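Examination of the molecular architecture
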Amino acid sequence: MNRHVHNISAESSKKGGDIPYLFQPVVSLRDGSIMGHEIQYGPGIHKKHTGICVPEVFSRYSNSGDERKLFLPLTGDVRAPDHFPAGEAAERIVLEIYSFVNIPAGILRFAVVFDDVGLLYPLSFFSEFHPQYVKLSPSLVRRSGTDPLARALVKSITEFCRTAGVDSIAEGVETQNDLIWLIDIGVSYAQGNFIQEPAERTDLLREEAYEFIVETNRRKNHINALPSEVYIANLCADTLTLPPDIIVETVYGMVKNDRDCFGYCVVQNGFVLGIITKDNLIQRMSGRYGFTLYEKKPVSALMDSIFLSADYKMPVNIVSELAMQRSMDRLYDFIVVTRNGKYLGTVTVRDLLLKSTEIQVASARCQNPLTGLPGNIVIEQMLSRCVSSDSPYCVLYIDINQFKAYNDMYGFEKGDRVIQFLAQTITECLPQNQFAGHVGGDDFVVVLLEEGEEAFCRTVIQNFTGRLSLYYNEEDLNRGYITAENRSGVIEDIPLISLSIAGIYDAAHYFSSSYLLSEELAKLKKLVKITKGSSFQIKKIV
């Protein structure tokens, strides 16, 4: 249950008006956390009438103590933003736009959702209103389950949203199969009766749906995670084992009758004594006197006691390296996987190489091509781990001040070099076994799981700003500014680039989802960037 929940009942909603309303959660398809709720109105209430109760719903939700988003249908009854109170709470309200003809003037101070994207809004509409979310209509989601063209459309919209920095939301999720393909193509959020039916309370979420989302992502993350985080246990199969006293004739018959057999482990009391490979057994039994010599002997007489064994938590890339270092006569022997020294399963070299290649390809896809650092998928996984762990952590958001002006003045090639230099500076200053990722552009995320965040920030700023002479001409460097257009197109003197670092140290396990953590970081980042020059600010929650 979310830590920031305050229940709002339908009964209480009737006290200020005649229209009852319910709440349906919008959940993250990364970690199953509740990002917000959509208002759903009671029986007999048509959407065209719902605007009259928007102010009341807004007021009750914003004063409830719930810090998540509230999605409100915007209809023709809402003619001006005066219907809505101002203030910090208003930032949590998301207005659902059902068509592009009923957007009141001034509504841009709220986040906008484009509902029923299947209607294909013109691209100029997206460019003009810059939505924070795009909703995939229930009809489009339902068709995508069986219609390849509809699914291709959803995939294209999702890719467009990812490129534009917009979160996608799928409505009308009714089955596990819906969740599987939505998670697979990268849709950000979802809602629907399979996840949770509309209810009076805001803390309800079907346990089956939550666990399914978490488990599906866990399996997917075996591929999308860093190679060093994909364990060999994820590949091993619990194959048939042999006791050491079983006679060779019996084993030979088993091998001949099983065309897919690659060999067996000889196990006693849970411990692996040796292995029998199919090729080696056939070779030994095929000689002139082979069968006669070995048929009545125990399999322990033929087993190979020298074999590659890997602990179940050994990373796949390490096991692959060890396997390829074996002599040619053992190169294609299967690998034995153990847990606490005892037999767990086996992995074939074929499966190991296929998975290693798959991981490398996925890892390259998840890395930022400019810096080689992990990108958004891995960053999101890391943040989700932080908020779900019981240990303190510190997340730092690092970006470059005045970078656009520098890029415009000196060109993209030099701008890329500055970004690469910042990535190098961060990784050089990063303590061992800590995490750094590249969000994109000049934005970076660092996760520290041990103390020393302030010293890290100071060192990064000092090392970065201390070498700016490499990226400016002497004239600009001596003046301490460049003359260029600002974001409004006005020519002005713009300071040299500097760093802003916003951080959150959480030892109290305050955040219940990576979404809430990211939101708080974004707010803190705005405050830090007000300060001139390089600076950092870390909010500590203890």
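Summarised in this report is the structure supplied together with it. (Residues numbered from 1 in each chain as written. Predicted model: local features only at pLDDT ≥ 70, side-chain atom pairs only at ≥ 80, totals over all residues. Heavy atoms only, no water.)

Here the focus is the overall build of the protein. On a plain count of helices and strands, the protein comes out with 18 helices and 21 strands. In the protein, which comprises 542 residues, the proportion classed as buried is 49%. At a minimum sequence separation of 6, the contacts of the protein that also span at least 24 residues come to 65%. Accessible area of the protein: about 26,700 Å², with a carbon and sulfur share of 51%. (Helix = DSSP H or I, 4+ residues; strand = E, 2+ residues; numbered from the N terminus. Buried < 20%, exposed > 50% of the residue type's maximum accessible area, 1.4 Å probe, protein only. Contact = heavy atoms within 4.5 Å. Areas by Shrake-Rupley, 256 points an atom, 1.4 Å probe, with all protein chains shown as cover.)

Phi at Gln402 takes a positive value of approximately 65 degrees, unusual for a residue other than glycine. Along the polypeptide, Gln402 turns up in the loop between strand 15 (393-401) and helix 14 (403-410). The backbone of His509 shows a phi angle near 55 degrees, a positive value even though the residue is not glycine. If you trace the backbone, His509 turns up in the loop between strand 20 (498-506) and helix 18 (514-530). We classify His509 as partly exposed; its relative accessible area is 22%.

So, on to the nonpolar core. Core analysis: the biggest nonpolar cluster contains 38 residues, and Leu396, Ile398, Leu422, Ile426, Val446, Phe456 and Phe464 have the highest contact counts within it. Of all the elements in the fold, those that place two or more residues in this core are strand 15, helix 14, helix 15 (412-429), strand 17 (443-448), helix 16 (453-465), strand 18 (481-485) and strand 20. Ranked by residues supplied to this core, first place goes to helix 15 with seven residues. Every residue in contact with Ile398, bar those within four places of it in the chain, is listed here: Leu422, Ile426, Asp442, Asp443, Phe444, Val446, Phe456, Leu499, Ser500 and Ile501. (Core = buried A, V, L, I, M, F, W, Y, C linked by side-chain atoms within 4.5 Å.)

Given two aromatic rings, their pairing is described by the distance between the two centres and the angle made by the two planes. All chains considered together, the criterion is met by ten aromatic pairs. Through a chain of ring-to-ring contacts, three or more aromatic side chains come together here, namely Tyr406, Tyr410 and Tyr472. Across from the ring centre of Tyr312, 5.3 Å away, lies the NZ or CZ of Arg339, which sits over that ring. (Phe/Tyr/Trp six-rings, centres within 6.5 Å; stacked < 30°, edge-to-face > 60°. Lys NZ or Arg CZ within 6 Å of the ring centre and 35° of its normal.)

Side chains that differ in charge, positive against negative, can pair when their charged atoms come close. Applying the stated criterion to the full structure yields 18 salt bridges. The salt bridge partner of Arg350 is Asp351, with a shortest N-O separation of 3.6 Å. Arg350 gets classed as exposed once you look at its relative accessible area, which sits at 60%. With a relative accessible area of 35%, Asp351 lands in the partly exposed category. Two residues, Lys525 and Asp399, come together in a salt bridge whose shortest N-O distance is 3.5 Å. Taken together, the positions of Lys525 in helix 18 and Asp399 in strand 15 put the pair 126 residues apart, joining distant regions of the chain. Owing to a relative accessible area of 4%, Asp399 belongs among the buried residues under this scheme. It is possible to trace a salt-bridge network through shared partners that takes in Asp399, Asp443, Lys525 and Lys529. (Salt bridge = Lys/Arg side-chain N within 4 Å of Asp/Glu carboxyl O.)

On to the packing of helix 13 (residues 376-388) against helix 18. Where helix 13 contacts helix 18, the axes come no closer than 9 Å and their chain directions differ by 105 degrees. One way to sum up the angle between helix 13 and helix 18 is to call them roughly perpendicular. Touching Leu383, Ser384 and Val387 of helix 13 are Ser514, Leu517 and Ser518, all from helix 18. For the contact of helix 13 with helix 18, the class distribution of residues is three nonpolar, three polar and no charged. (Axes fitted to C-alpha atoms, helices over the stretch in contact; angles between N-to-C directions. Parallel < 35°, antiparallel > 145°, perpendicular 65-115°, else oblique. Nonpolar A, V, L, I, M, F, W, Y, C, P; charged D, E, K, R; others polar.)

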